[in-house]
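Chain residues, written in single-letter form:
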Amino acid sequence: MSGDETTTMTAKARATAALAAVDPVPGAAKADSILVADKVTRSFGGLKAVNVDHLEIQRGAITALIGPNGAGKTTLFNLLTGFDKPDTGMWSFEGRSLAGRRAHQVARSGMIRTFQLTKALSRMTVLDNMLLGAGGQAGESFWQSLMPFAWASQENANRERAMELLERFKLDTKYRDFAGSLSGGQRKLLEMARALMANPSMVMLDEPMAGVNPALTQSLLGHVKELREEGMTVLFVEHDMDMVHDISDWVVVMGQGAVIAEGPPSAVMADSAVIDAYLGQHHDGAETSDVPNEGDES
């Protein structure tokens, strides 16, 4: 067995062991929660899009957030990361409250997210997109920007870090190209690589595999697993149940804005509440493999 295989097994084994004693029920307490949300709600007119009573995300694990279209998954992401404001609720990351924090403040805390539709700046180069992801850049200060010697070494270090990540994501040959010239799958890779420029503790991926060809899908799956190996926590939205089963340590299911089920992938996919959420109430004889893939959540 190679050293890489041992590392992979150890990382997954740690996550599995940490979740082994957790009750597979909605709102279950985790052994070491990195993110905790309480009473988070968001309504649009008469529609309550999010109504999460309690949710905890285990540190160092890959957690999948699944549910049918309109279940509130992306809206919950937006609320937790400061891109939208809830009607009610509190949530904390690493023990610090993030309620009321703006998106850039959430990112600085170590919780970075990506989007269903990639946010690469098309008319900037791939390398410049990467450099935007680096935090605490001294050159962004007006006065320090007038003194290049004060930030030149940091800029060089950021460039080296960016090129290392681009090489890891097989985008290093594209570093001078405009981001708009990349394929959809390459833009997904760029967004994930850019997220890592901030050295986050937790990465939130909103449908990272959507619209990606099979070859790049396998590459993205490998990168998500590598994040866990490096000690990061991953929370991701995905519709492909085979992928969810392959890479996740824990699955959280949303339906009509609420968390309706939690547990290990195999147990969740056999849960009648989950099957009903996807296929409708009173569906008889549903098999777990029949849970359909979905398109983008509105």
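Conventions used here
Residues numbered from 1 in each chain as written. Predicted model: local features only at pLDDT ≥ 70, side-chain atom pairs only at ≥ 80, totals over all residues. Heavy atoms only, no water. Pairing = 2+ DSSP bridges. Helix = DSSP H or I, 4+ residues; strand = E, 2+ residues; numbered from the N terminus. Contact = heavy atoms within 4.5 Å. Axes fitted to C-alpha atoms, helices over the stretch in contact; angles between N-to-C directions. Expected span 1.5 Å × (residues − 1). Buried < 20%, exposed > 50% of the residue type's maximum accessible area, 1.4 Å probe, protein only. Salt bridge = Lys/Arg side-chain N within 4 Å of Asp/Glu carboxyl O. Phe/Tyr/Trp six-rings, centres within 6.5 Å; stacked < 30°, edge-to-face > 60°. Lys NZ or Arg CZ within 6 Å of the ring centre and 35° of its normal.

Side note on the sheet that holds strand β2 (residues 47–58)
Within a sheet, neighbouring strands are paired by backbone hydrogen bonds and run either parallel or antiparallel to one another.
Right, so step 1: Read from one edge to the other, the open sheet built from 4 strands follows the order β2-β1-β4-β5, with strand pairing classed as antiparallel. The open sheet has two edge strands with one neighbour each: β2 and β5 (96–97).
Right, so step 2: As paired strands, strand β1 (residues 33–44) and strand β4 (residues 88–93) are joined by 5 bridges and run antiparallel to one another. Its bridge partner being in β4, L35 is matched across the sheet by F93.
Right, so step 3: Its contacts with the sheet put helix α2 (residues 73–80) on β1, β2 and β4, and the angle it makes with β1 is roughly 115°.

Quick notes on helix α7 (residues 184–196)
Right, so step 1: An ideal rise of 1.5 Å per residue puts 18 Å on 13 residues; α7 measures up with 19 Å between its terminal C-alpha atoms.
Right, so step 2: Looking at α7, one finds that the buried residues are G185, K188, L189, L190, E191, M192, A193, R194, A195 and L196.

Re α2
Right, so step 1: Here α2 lies mainly inside the structure; 7 of its 8 residues are buried.
Right, so step 2: Those residues of α2 not exposed but buried are K73, T74, T75, L76, F77, L79 and L80.
Right, so step 3: Downstream of α2 by one or two residues, G82 has phi in the positive range, about 85°.

Topic: the pattern of salt bridges
Charged atoms that come close allow side chains of opposite charge to pair.
Right, so step 1: Taken as a whole, this structure holds 12 salt bridges when the rule is applied.
Right, so step 2: For E226, the salt bridge is made with R168, and the minimal N-O distance between the two is 3.3 Å. Separated by 58 residues along the polypeptide, E226 in helix α8 (residues 214–229) and R168 in helix α6 (residues 152–168) bring together distant segments of the chain.
Right, so step 3: For R168, a relative accessible area of 21% puts it in the partly exposed group.

Side note on the environment of S92
Right, so step 1: With respect to the helices, strands and loops of the structure, S92 is situated in strand β4.
Right, so step 2: Classification of S92 as partly exposed rests on a relative accessible area of 21%.
Right, so step 3: Between the alpha carbons of S92 and S33 there is a distance of 9.8 Å; along the sequence they are 59 residues apart.
Right, so step 4: The residues contacting S92, other than those within four sequence positions of it, are I34, L35, V36, S97 and L98.

Structural notes on the pairing of β2
Right, so step 1: Pairing between β1 and β2: 10 bridges, direction antiparallel. Within β2, the residue paired with S33 across the bridge is Q58.
Right, so step 2: Between the end of β1 and the start of β2, which pair antiparallel, lie 2 residues, with G45 showing a positive phi angle near 65°.

A few points about the packing of aromatic side chains
Right, so step 1: Tallying each qualifying case throughout the model produces 1 aromatic pair.
Right, so step 2: With centroids separated by 5.2 Å and ring planes inclined at 90°, the aromatic side chains of F83 and F115 adopt a geometry described as edge-to-face. Taken as a pair, F83 in the loop between α2 and β4 and F115 in the loop between β6 (111–113) and α4 (126–132) lie far apart in primary sequence, 32 residues in all.
Right, so step 3: The ring of F83 has R113 sitting right over it, with the charged end atom 5.3 Å from the ring centre.
Right, so step 4: Above the ring of F115, the side-chain terminus of R113 is found at 4.0 Å from the ring centroid.

Honestly, it's all geometry; don't read function into it.
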